[in-house]
Amino acid sequence: MDKGIGHPVAEGVARLAATLVPGGGTVTACRRLSGGASQETWAFTVAGVAGAEDFILRRAPEGNWLPGLAIALETEAELMSRAGASGVPSPGVRHVLTPGDGLGRGFVMGFVAGETLGQRIVREPAFADIRPRLAGQCGAILARIHDVPAGDIADLRRLDARSQVDELARMYRAGEQVRPVFDLAFRWLGGHLPAPVPPVLVHGDFRNGNLIFGPEGIRAVLDWELAHLGDPMEDLGWICVASWRFGAIDLPVGGFGRREDLFAAYEAASGRPVDAGAVRFWEVLGTLRWGLICNESGTRFAAGLDRSVERAIIGRRASETEIDLLHLLTGRDD
């Protein structure tokens, strides 16, 4: 929906026009984009002396809200800038909001054209030629992410395997439903903890759905809000979670590729060996995590705390994750 002058966001980005584009003046096509469960995303265009330029504003709802597990938006912008400098395809951060901008907390980045809907990536003919190479692209990009220097960023949490299992267990115990498959998964995870490794920057939500694709492949990595310091194998496991395959269940990497191609490209780009057992652990943990999120969504809908259709649909998917977990725990996912 287009927002004209008079809307607070439109007025705010109009004040930024000259900062973003030399000679920038008129702002047009300011509209909020769909998607983004935790942050607002706005698109707008600034007319400058050399022509019009498109931008994306990522901001906290109401200008000041921040999800409990998310890093600060300022930190997200810093990570994206560092990632871009390290060769990770990333929208360039053009401006980090200040209190004087009147838009709350957030940042403005350049617009990257392309497709983000996962089901289109795995089904549409336009991506048929590139699909066999996407798993390798993911492996190479993850290697670059894990080399981004981030140990000096104070608010990045350190999350190892044990702490994440414990965090999910607390989340599960806080709920009212008992799911035997989830109990089985917790038991399996407790018996298969990977050995500690030196922590690196982990994206935390690298998957089909958080990437921008073009006919040549991956153009940008989005949504860094769950980034933290931890085991690099976590990212390789997360992109293989069945829920991110969008129906192409026989292709574990995002619904478009094979684990072997992901691993080979990662090793070639990073010089580090892939621990397939650790990746399997993180895939199980990621599937369980998504199952718990789905379960909580269903509970909130049933209790009348959130009656949105989206909440109900997500809640129904808890049973899908139980099937996925059983396949993983019995080796039927290979």
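No experiment lies behind these values; they were computed from the predicted model shown.

A short note on the side chain of arginine 179
(1) Moving on: Here arginine 179 shows up in the loop between helix H5 (161-174) and helix H6 (180-191).
(2) Moving on: Within polar-contact distance, the side chain of arginine 179 engages the side chain of asparagine 295 at 2.8 Å.
(3) Moving on: With residues near it in sequence (within four places) discarded, arginine 179 still touches Tyr172, Asn295, Ala318, Ser319 and Glu322.

Quick notes on the nonpolar core
(1) Moving on: Membership of the largest hydrophobic core comes to 67 residues, with the highest contact counts inside it found for Leu79, Leu156, Leu201, Phe206, Trp224, Leu262 and Leu288.
(2) Moving on: Top contributing element to this core by residue count: helix H9 (residues 276-302), with eight residues.
(3) Moving on: Ignoring any residue separated from it by four or fewer positions in sequence, one finds leucine 288 in contact with Leu168, Phe182, Ala185, Phe186, Leu189 and Leu325.
(4) Moving on: Membership of the second largest hydrophobic core comes to 17 residues, among which are Val9, Trp42, Phe44 and Val46.

Things to note about the sheet that holds strand S10 (residues 228-230)
(1) Moving on: With mixed pairing, three strands are arranged side by side in an open sheet as S6-S10-S7. The open sheet has two free edges, formed respectively by strand S6 (158-159) and strand S7 (200-202), since each of these has just one partner strand.

Focus on the pairing of strand S9 (residues 217-221)
(1) Moving on: Of all five residues in S9, four are buried, a share of seventy percent or more.
(2) Moving on: Inspection of the sheet shows strand S8 (residues 211-214) paired to S9 by four bridges, in the antiparallel sense. Looking at S9, one finds that glycine 214 is bridged to glycine 217.
(3) Moving on: The hairpin formed by S8 and S9 contains two residues between the paired strands.

Things to note about H6
(1) Moving on: Spanning 12 residues, H6 covers 17 Å between terminal C-alpha atoms, matching the ideal 16 Å at 1.5 Å per step.
(2) Moving on: Among the residues making up H6, those that are buried are Val181, Phe182, Ala185, Phe186, Trp188 and Leu189. Buried positions in H6, seen along its axis, are confined to an arc of 165° and lie on one side of it. Projecting away from the buried face of H6 at angles above 90 degrees are the exposed residues Pro180, Arg187 and Gly191.

Regarding the pairing of strand S2 (residues 40-48)
Regular strands place their side chains on alternate faces of the sheet.
(1) Moving on: Within S2, eight of the nine residues are buried, which leaves the element mostly enclosed by the surrounding structure.
(2) Moving on: For S2 and strand S3 (residues 51-59), the ladder comprises nine bridges, and the chain directions are antiparallel. Within S3, the residue paired with valine 46 across the bridge is glutamate 53.

Structural notes on the packing of aromatic side chains
(1) Moving on: Applying the stated criterion across every chain, the model contains seven aromatic pairs.
(2) Moving on: Seen from their ring centres, phenylalanine 281 and tryptophan 282 are 5.2 Å apart, and the 85° between their planes marks the pair as edge-to-face.
(3) Moving on: Since its relative accessible area comes to 2%, tryptophan 282 is described here as buried.
(4) Moving on: Members of the aromatic cluster, connected to one another through ring pairs, are Tyr172, Phe182 and Phe186.
(5) Moving on: Here arginine 207 stacks its cationic end above the ring of tryptophan 244, 4.2 Å away from the centre of that ring.

Overview of the pattern of salt bridges
Oppositely charged side chains may form a pair once their charged atoms are brought near each other.
(1) Moving on: Summed over the entire model, instances satisfying the criterion amount to 22 salt bridges.
(2) Moving on: One salt bridge in this structure joins arginine 32 and glutamate 40, with 3.7 Å as the shortest N-O distance.
(3) Moving on: Given a relative accessible area of 40%, arginine 32 falls into the partly exposed group.
(4) Moving on: Residue glutamate 78 pairs with arginine 82 through a salt bridge whose shortest N-O separation is 2.7 Å. Of this pair, glutamate 78 and arginine 82 both sit in helix H2 (residues 73-85), separated by four residues, roughly a single helical turn.
(5) Moving on: One salt-bridge network, held together by shared partners, links Arg58, Glu76, Asp223 and Glu225.

Notes on the side chain of aspartate 205
(1) Moving on: Position of aspartate 205 among the secondary structure elements: in the loop between S7 and S8.
(2) Moving on: Aspartate 205 gets classed as buried once you look at its relative accessible area, which sits at 13%.
(3) Moving on: A polar atom in the side chain of aspartate 205 sits 2.9 Å from the side chain of tryptophan 238.
(4) Moving on: Ignoring anything within four residues of it in the chain, the contact list for aspartate 205 reads Asn210, Asp223, Leu226 and Trp238.

Parameters and conventions
Residues numbered from 1 in each chain as written. Predicted model: local features only at pLDDT ≥ 70, side-chain atom pairs only at ≥ 80, totals over all residues. Heavy atoms only, no water. Helix = DSSP H or I, 4+ residues; strand = E, 2+ residues; numbered from the N terminus. Polar contact = N/O pair within 3.5 Å; in protein donor to acceptor, adjacent residues only side chain to side chain. Contact = heavy atoms within 4.5 Å. Core = buried A, V, L, I, M, F, W, Y, C linked by side-chain atoms within 4.5 Å. Buried < 20%, exposed > 50% of the residue type's maximum accessible area, 1.4 Å probe, protein only. Pairing = 2+ DSSP bridges. Expected span 1.5 Å × (residues − 1). Arc of directions from axis to C-beta. Phe/Tyr/Trp six-rings, centres within 6.5 Å; stacked < 30°, edge-to-face > 60°. Lys NZ or Arg CZ within 6 Å of the ring centre and 35° of its normal. Salt bridge = Lys/Arg side-chain N within 4 Å of Asp/Glu carboxyl O.

On their own, these measurements won't tell you what the molecule is for.
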